[in-house]
Amino acid sequence: MLHNNPIDRHAPIPPQLFINNRKKLTQKLLPNSLVVIHANDIFPTGADGIMPFRQHTDLFYLSGINQEETILLLYPEATEQAHKEILFIKKTTPEIAVWEGQKYTKSQAQASTGITHIHWLEKFPTLFHALMRKADHLYLYTDEHTNHDMHVQTRNKRFVHWCKTHYPLHSYKRLAPLMQDLRMIKSQIEIDLIRKAYTITEKGFRQMIPLLKPGIMEYQLEASLIKTFTEEASLGFAYTPIIASGANSCILHYIANNQACKAGDLVLLDIGALYGNYHADLTRVLPVSGQFTPRQKKVYQAVLHVFKHAKKLLVPGNNFTTYTKEIGEIMTKELLDLGLLTKQEVKDQDPLQPAYKKYFMHGTSHHLGLSTHDVADKSKPFAPGMVLTIEPGIYLPEEGFGIRLENGVVIRENRVEDLVPNLPLEPEAIESLMHKK
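The rules we used
Residues numbered from 1 in each chain as written. Predicted model: local features only at pLDDT ≥ 70, side-chain atom pairs only at ≥ 80, totals over all residues. Heavy atoms only, no water. Helix = DSSP H or I, 4+ residues; strand = E, 2+ residues; numbered from the N terminus. Rg over C-alpha atoms; globule rule 2.2 N^0.38 Å. Buried < 20%, exposed > 50% of the residue type's maximum accessible area, 1.4 Å probe, protein only. Areas by Shrake-Rupley, 256 points an atom, 1.4 Å probe, with all protein chains shown as cover. Lys, Arg positive; Asp, Glu negative; His and termini not counted. Charge placed at Lys NZ, Arg CZ, Asp CG, Glu CD. Pairing = 2+ DSSP bridges. Axes fitted to C-alpha atoms, helices over the stretch in contact; angles between N-to-C directions. Contact = heavy atoms within 4.5 Å. Phe/Tyr/Trp six-rings, centres within 6.5 Å; stacked < 30°, edge-to-face > 60°. Patch = residues over 30% accessible without salt bridge, like charges linked within 9 Å, V, L, I, M, F, W, Y side chains within 5 Å. Salt bridge = Lys/Arg side-chain N within 4 Å of Asp/Glu carboxyl O. Expected span 1.5 Å × (residues − 1). Polar contact = N/O pair within 3.5 Å; in protein donor to acceptor, adjacent residues only side chain to side chain. Core = buried A, V, L, I, M, F, W, Y, C linked by side-chain atoms within 4.5 Å.

Draft legend 1. Quick peek at the overall build of the protein chain. Check the secondary structure of the protein chain and you find 13 helices and 19 strands. Taken against the 2.2 N^0.38 rule, which gives 22 Å for 437 residues, the C-alpha radius of gyration of the protein chain at 24 Å falls within 12% of a compact globule. With respect to the principal axes defined by its C-alpha atoms, the protein chain has extents near 70 × 50 × 45 Å. Buried residues in the protein chain amount to 52% of all 437 residues. Surface summary for the protein chain: the accessible area is close to 19,800 Å², and the carbon and sulfur share equals 55%. Positive and negative charge centroids in the protein chain, built from 49 and 46 side chains respectively, lie 3 Å apart.

Here it is as structure tokens:
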């Protein structure tokens, strides 16, 4: 039987997920290696305010623990069984119990993680020093994501500096490449959690639609979504939602959500619920007045055509390089048909900056999981178990609207599984949803 813990809102996740993840990681380590990974910091907002805590994604992947000030230590070749896997957690003091409530007990941590040996945090320095005397290699975390901001001093980064000062002669290894290889391929439990996040997202989207009419504010649509997400045991938005009406839809990361939705305009919603730390990422475009104009519909159909073509290309063995090239070619054809590009512009284009990039400037797909833009090695070919988005778009600021359509999909051996199979994409079906209000 799975046990609830004092931290999580979502249904219990089978600990076998985290047991298997740790086993897969230890199989990639050099002989006689230690792994140490810390929880994220709780970041201040000023005075005594703090930001909501979000667990380090790799620590969650390996343990399932959502609590701050947690440390996971793995030493698969330890001579003592008690030292092969150790989780260090924060103890609930009487003061913490009054102000914050109960943290994980040792038995709750064991049930959630499948780790037998749980210690209070204060035991870490002594045990770590004893094990470092025996280990040859130490794997530590550094954020190597393409879009990472290197300026933030995280708990893991501070620990790297501390270790190199106190243990300068050990061999230090990068944990990030191993984790990105593991996290690229999702287990069925992970896929089910992502699907649940999408189910919540779809419910929120459908319940929001009746509110959409000329004059409603973008933030009122946002409020409807977060209400449903919260009612469904989501932790909220997986990322800051984009509720972009009119020309705002041409701003790729528009998050102000403070404008009125006007008659005749479109509203682009790029939204996703967070469930069990797994992310959904969905984009739809709705006509504020209930019906697309002929021009809006024509652009919409062009984007949908690229979407459908992209879905056919996400097959095992294909790769991002050939995929991106073919998507560029089909998008170029659509833009020619829309009169947005000329044949001469295409002929004279810079291969490094193709002409279609004027109207479609972002990628078509990214990995999805514990992060919206999940860690991955994009040089690796597509493989079964990968969860990717499909999100082509055309942005026309001079015409006052942009179209982007996005679903998450799972690459299987012989098919592509859509994680949002029941939410319409066809423009006529979108209009029908609007008319059911």
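Read on, since the account is not over.
Draft legend 2. Here's a closer look at the sheet that holds strand β1 (residues 33-38). The strand order across the open sheet formed by six strands is β6-β5-β4-β1-β7-β8, and the pairing between neighbours is mixed. For this open sheet the edge positions go to β6 (117-120) and β8 (171-174), each flanked by a neighbour on one side alone. Looking at each pair of strands side by side, their axes are set apart by 20° on average, direction ignored. On the sheet, helix α5 (residues 124-132) packs against β1, β4 (71-74), β5 (85-89), β6, β7 (137-140) and β8 and is oriented at approximately 155° with respect to β1. Contacts between helix α6 (residues 155-166) and the sheet are confined to β1, β7 and β8, with β1 contributing the most and set at about 140° to the helix.

Draft legend 3. Quick look at the packing of aromatic side chains. One pass over the structure, following the stated rule, counts 15 aromatic pairs. An angle of 85° between the planes, with centres 5.1 Å apart, marks the rings of F88 and F124 as edge-to-face. Separated by 36 residues along the polypeptide, F88 in strand β5 and F124 in helix α5 bring together distant segments of the chain. The residues F88 and F124 share a single accessibility class, namely buried. On the basis of an interplanar angle of 45° and a centroid distance of 6.3 Å, the ring pair of F128 and W162 is categorised as tilted. One end of the pair, F128, is in helix α5; the other, W162, is in helix α6, with 34 residues separating them in the sequence. Judged by its relative accessible area of 1%, F128 is buried. On the basis of relative accessibility, which here comes to 37%, the residue W162 falls in the partly exposed class. Members of the aromatic cluster, joined through ring pairs, are F88, F124, F128, F159, W162 and Y167.

Draft legend 4. Molecular detail of a nonpolar patch on the surface. On the surface, F43, M51 and V152 cluster together into a nonpolar patch covering about 240 Å² of accessible area. By secondary structure assignment, the location of M51 is in the loop between β3 (49-50) and α2 (57-63).

Draft legend 5. Helix α10 (residues 294-313), seen in detail. Compared with an ideal rise of 1.5 Å per residue, which puts 20 residues at 28 Å, α10 spans 29 Å between its outermost C-alpha atoms and is within 8% of the ideal. All of the buried residues along α10 are Q296, K297, V299, Y300, A302, V303, L304, V306, F307, A310 and L313.

Draft legend 6. View of the side chain of T113. Along the chain, T113 turns up in helix α4 (residues 106-113). A polar side-chain atom of T113 sits 2.7 Å from the main-chain carbonyl oxygen of A109. From its side chain, T113 meets the backbone nitrogen of I115 in a polar contact 2.9 Å long. If we ignore the near neighbours within four places in the chain, the residues touching T113 are P15, F18, I19, R22, S63, I65, L87 and I118.

Draft legend 7. View of unusual backbone geometry. Even without being a glycine, E69 presents a positive backbone phi close to 55°. Its place among the elements puts E69 in the loop between α2 and β4. The exposure class assigned to E69 is partly exposed, which follows from its relative accessible area of 26%. If you check the backbone angles, A233 has positive phi at about 70° while not being a glycine. Along the chain, A233 falls in the loop between α9 (218-231) and β9 (236-237). Overall, A233 belongs to the partly exposed group, its relative accessible area being 23%.

Draft legend 8. Molecular detail of the sheet that holds strand β13 (residues 278-279). Taking strand neighbours across the sheet as the criterion, the three strands line up as β9-β12-β13 in an open arrangement whose pairing is antiparallel. At either end of the open sheet lies a strand with only one pairing partner, and these are β9 and β13. Packed onto the sheet, helix α8 (residues 188-208) meets β12 (273-275) and β13 and runs at close to 140° relative to β12.

Draft legend 9. Fine view of helix α11 (residues 320-337). Taking 1.5 Å of rise per residue, 18 residues should cover 26 Å, and α11 covers 26 Å from first to last C-alpha, within 8% of that figure. All of the buried residues along α11 are F320, Y323, I327, G328, I330, M331, T332, E334 and L335. Contacts from the buried residues of α11 go to α10, α12 (343-347), β15 (387-390) and β16 (393-396). Capping of α11 at its N-terminal end is provided by N319; its side-chain oxygen lies 3.0 Å from the backbone amide nitrogen of T321. Looking at the residues trailing α11, positive phi occurs at G339, about 80°.

Draft legend 10. Region of the structure containing the nonpolar core. L25, L286 and I394 are the most contacted members of the largest nonpolar core, which totals 108 residues. Considering each element in turn, this core owes the most residues, nine residues, to α10.

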